[in-house]
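# Structure at a glance
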2 protein chains.
Amino acid sequence: MANIRDVARAAGVGIGTVSRALNDSGYVEAGKKEKIRRIAKELNYRPSELSRSFVQKKSGLVGIVLPDVAFPFYGAFLKYAELELNHIGYKTLVCNTLGVQKRVSDTLDLIEAGSLDGMIINTDVTREEIERMKGMPVVSFERVLAKEIPMVASDHIKGGQIAAKLLKENGCKNVMILGARFATKVHAENRIKECRRILEQSGIQVTAVEINGAFLSYPFIEEMISQYLDMYSRIDGIFTEDVEAYCCLMQAKKRGIYVPRDLKIVGYDGNEMTRMIDPQVTTIAQDVPLLARTCVEVLAKKIAKEKVDAHYYIPVKLLQGGTTV
Amino acid sequence: MANIRDVARAAGVGIGTVSRALNDSGYVEAGKKEKIRRIAKELNYRPSELSRSFVQKKSGLVGIVLPDVAFPFYGAFLKYAELELNHIGYKTLVCNTLGVQKRVSDTLDLIEAGSLDGMIINTDVTREEIERMKGMPVVSFERVLAKEIPMVASDHIKGGQIAAKLLKENGCKNVMILGARFATKVHAENRIKECRRILEQSGIQVTAVEINGAFLSYPFIEEMISQYLDMYSRIDGIFTEDVEAYCCLMQAKKRGIYVPRDLKIVGYDGNEMTRMIDPQVTTIAQDVPLLARTCVEVLAKKIAKEKVDAHYYIPVKLLQGGTTV
DNA sequence: ATGAAAGCGCTAACAG
DNA sequence: CTGTTAGCGCTTTCAT
């Protein structure tokens, strides 16, 4: 493969001139610039990105670290994040931690080694990892890590309010709120707190239960939900994430509980699958494209060493479906 | 950040010795090796990957190019592929083409520029792109591109046979087979051909229809299916991909068609969501983990310039659900 | 406006 | 075994 010296020789100029001509940097005589470009094309010359990255000390790569891209919400997030990163000239590296903590610190290593210009992270992290991240161009998605690390999240407080209002209007008297437990403080927990607060204020019985562990497989989620439904048989309303909402629907059918007559289910996330399956789950939709865009914009600022805010909140909205009335 | 020279100075040795000590290459006196390692750690030294990549002419990055990671099948594939690549020391770059052809050639550029050591591709490609790929470490997933480019795919012929047998046994007389149309020859088309051949041989009426375009959004898929169901109202069996199968279920309900009594639906792919939603779709499952592992193994061989086969076929298997009897 | 030259930080070849 | 040295291909001064 031709290198810059081959082009310089063929064009009868110095390599500096070739570099300037091809990068539109510095001064190059107009005609000469054309000639150099033509010759570069003839030689099928591609500047070695490896060399450019090395000399410029940036890789053009951004890492996205998430629990499991096969979960609909994360898959959607990655899609839009990659799209936005591409728009501003970055390539996207993915890392599915699948609950393996080492993968997070490995990705931090990549930043230190220069392989990554920045990172968007949405997984559990340890105290040490938070310390390391403080000096790095990192944006946290959903997790409250430290004041030095900007966080982008949905307006989960509003989400909790919408859910509470809906369950109340649906006449529920005995609501189960189902969420995952994380090692790292997740902003989404506010949706649970807020929903619970409002419901209890109205004299509605609330049972908040946790699915233990940030990373789970579907069969395990179903099993957990099945057990909870056995334990709390008088439940007439459920508030949980979309994936879990479908598991609840499945379990309800198995038990002969008719939804929405006997049981209302309110989902969270607004995954596309909630719209294409009957019944459509009533759900509170996060604005994934905007979440992704915001993460990328904030990260770009961090990389450019510009000032960024500590928190960014993205609105949510209710999507009516057939699991409430 | 400390560089190799700082470590060498602090340890009172030459940089060559540091390099050998840290990489376990060549000879270094045992005690000295320990000392160098200790000092490197004290200085919090991380070798610049940018420099190492540059000098070794490999990036350690593999690109995965697919239509849209938010689709369940691709999301699952990416998950397992990333996992397998990580096992053998590669990082994973994602590229969602979303139907934009330029993104494919951009990724090819990355290989030429050295940013990518190899690529797994599962999108439409042009003739020119195929030509370019012939000399590159590329594995095609599902697409028949050229004899120089190894392909990994499910055993779709067997898949078509399983579907045909099932629809026949279910007593269907009028089957619709629904598939997407691609610009590039997709091996999965064989499942349609084979299913059709067998059904017609048994005197069953078959209508094969296409969803036009390789990349589509859910609402558009629903609209297409709705139209097809209007056009072919006497259909009593459908064979299509899982996502489309759910759209068919939805449309059937809207029309008061009872599944499986009046209409049998056989899905394809075996997405996890087909197991967690009621009714579970009867589907022919691809072995995504094995597909991903095979792609990665074959790619590793290609990168190492070892011989590889032209085609690799992965078994499929039937998952019974509630959309057939 | 442009050629020559100095690195970037590392690996690998080489002489000792 | 180990220190020195020669690049890798590019960008970026720096004289001219």
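Reading the values: the criteria
Residues numbered from 1 in each chain as written. Chains lettered and ligands numbered in written order. Predicted model: local features only at pLDDT ≥ 70, side-chain atom pairs only at ≥ 80, totals over all residues. Heavy atoms only, no water. Pairing = 2+ DSSP bridges. Helix = DSSP H or I, 4+ residues; strand = E, 2+ residues; numbered from the N terminus. Axes fitted to C-alpha atoms, helices over the stretch in contact; angles between N-to-C directions. Least-squares fit on C-alpha atoms with pLDDT ≥ 70 in both. Contact = heavy atoms within 4.5 Å. Parallel < 35°, antiparallel > 145°, perpendicular 65-115°, else oblique. Left-handed = near helix turned anticlockwise from the far one by under 90°. Nonpolar A, V, L, I, M, F, W, Y, C, P; charged D, E, K, R; others polar. Near = heavy atom within 4 Å. Polar contact = N/O pair within 3.5 Å; in protein donor to acceptor, adjacent residues only side chain to side chain. Buried < 20%, exposed > 50% of the residue type's maximum accessible area, 1.4 Å probe, protein only. Disulfide = S-S within 2.5 Å.

With mixed pairing, the 12 strands of this open sheet are ordered in space as β11(A)-β5(A)-β4(A)-β3(A)-β1(A)-β2(A)-β2(B)-β1(B)-β3(B)-β4(B)-β5(B)-β11(B). Each edge of the sheet is formed by a strand with only one pairing partner; in this case those strands are β11 (311–314) of chain A together with β11 (311–314) of chain B. Neighbour-to-neighbour, the strand axes of the sheet open up by a mean angle of 25°, direction not taken into account. Examined bridge by bridge, strand β1 (residues 61–66) of chain A and strand β2 (residues 91–96) of chain A share six bridges and lie parallel to one another.

For the pair chain B and chain A, the best superposition has an RMSD of 0.1 Å and corresponds to a rotation of 180° with a translation of 0.0 Å parallel to the axis. The transformation just described matches what one would write down for a two-fold rotation axis. Across chain B, the rotation axis passes nearest the C-alpha of L93 of chain B, at a separation of 2.2 Å. Both copies share a contact surface, since 100% of the interface residues of chain B are interface residues in chain A too.

Now for the packing of helix α5 (residues 72–87) of chain B against helix α13 (residues 288–303) of chain B. All names here are of chain B. Here α5 crosses α13 at 50°, and the two axes come no closer than 8 Å. As judged from the angle between their axes, α5 and α13 are oblique. With respect to the hand of their crossing, α5 and α13 are arranged in right-handed fashion. Taking contact as the criterion, the partners of F73, A76, F77, Y80, A81, E84 and L85 in α5 are, on α13, V288, P289, L291, A292, R293, C295 and V296. Considered class by class, the residues forming the contact of α5 with α13 number 12 nonpolar, no polar and two charged.

Among the 26 residues in the neighbourhood of DNA strand C, the closest are listed as T17, Y27 and E29 of chain A together with I4 and Y45 of chain B. The share of sugar and phosphate among atoms of DNA strand C within 4 Å of the protein is 69%. One of the backbone nitrogen or oxygen atoms of G14 of chain A is found 2.8 Å away from a phosphate oxygen of DNA strand C. Taking S19 of chain B, its side chain carries an N or O atom lying 2.7 Å from a phosphate oxygen of DNA strand C. At five residues, helix α4 (residues 49–56) of chain B tops the list of elements feeding residues into the surface near DNA strand C. Residues that form the surface near DNA strand C fall into these classes: 11 nonpolar, nine polar and six charged.

Right, let's talk about the pairing of strand β5 (residues 151–154) of chain A for a bit. Residues and elements named next belong to chain A. Neither face of β5 is open: one carries M151 and A153, the other V152 and S154, and all of them are buried. Relative to β5, strand β4 (residues 138–141) is paired through two bridges, and the arrangement is parallel. Bridging from a neighbouring strand, S140 pairs with M151 of β5.

Next up on the list: the state of the cysteines. Residues and elements named next belong to chain A. Inspection of the entire model under this criterion finds zero disulfides over all chains. In this model C247 remains outside any disulfide bridge; the closest cysteine sulfur is found in C248, 7.0 Å from its own. Judged by relative accessible area, which is 0%, C247 ranks as buried. A residue is classified by how much of its surface remains accessible, and C248, at 1% relative accessible area, is buried.

This next bit is on the sheet that holds strand β8 (residues 237–239) of chain A. Residues and elements named next belong to chain A. One open sheet accounts for six strands, arranged β7-β6-β8-β9-β10-β12; its pairing is mixed. The two strands at the open ends of the sheet, each matched to only one other strand, are β7 (205–212) and β12 (316–319). Across the sheet, the axes of successive neighbouring strands diverge by a mean angle of 20°, strand direction being ignored. Two elements, strand β6 (residues 174–181) and β8, share three bridges in a ladder whose sense is parallel. In the sheet register, I177 faces β8, and the bridge partner there is F239. Across the sheet, helix α10 (residues 218–231) touches β6, β7 and β8, and the angle it forms with β7 is around 150°.

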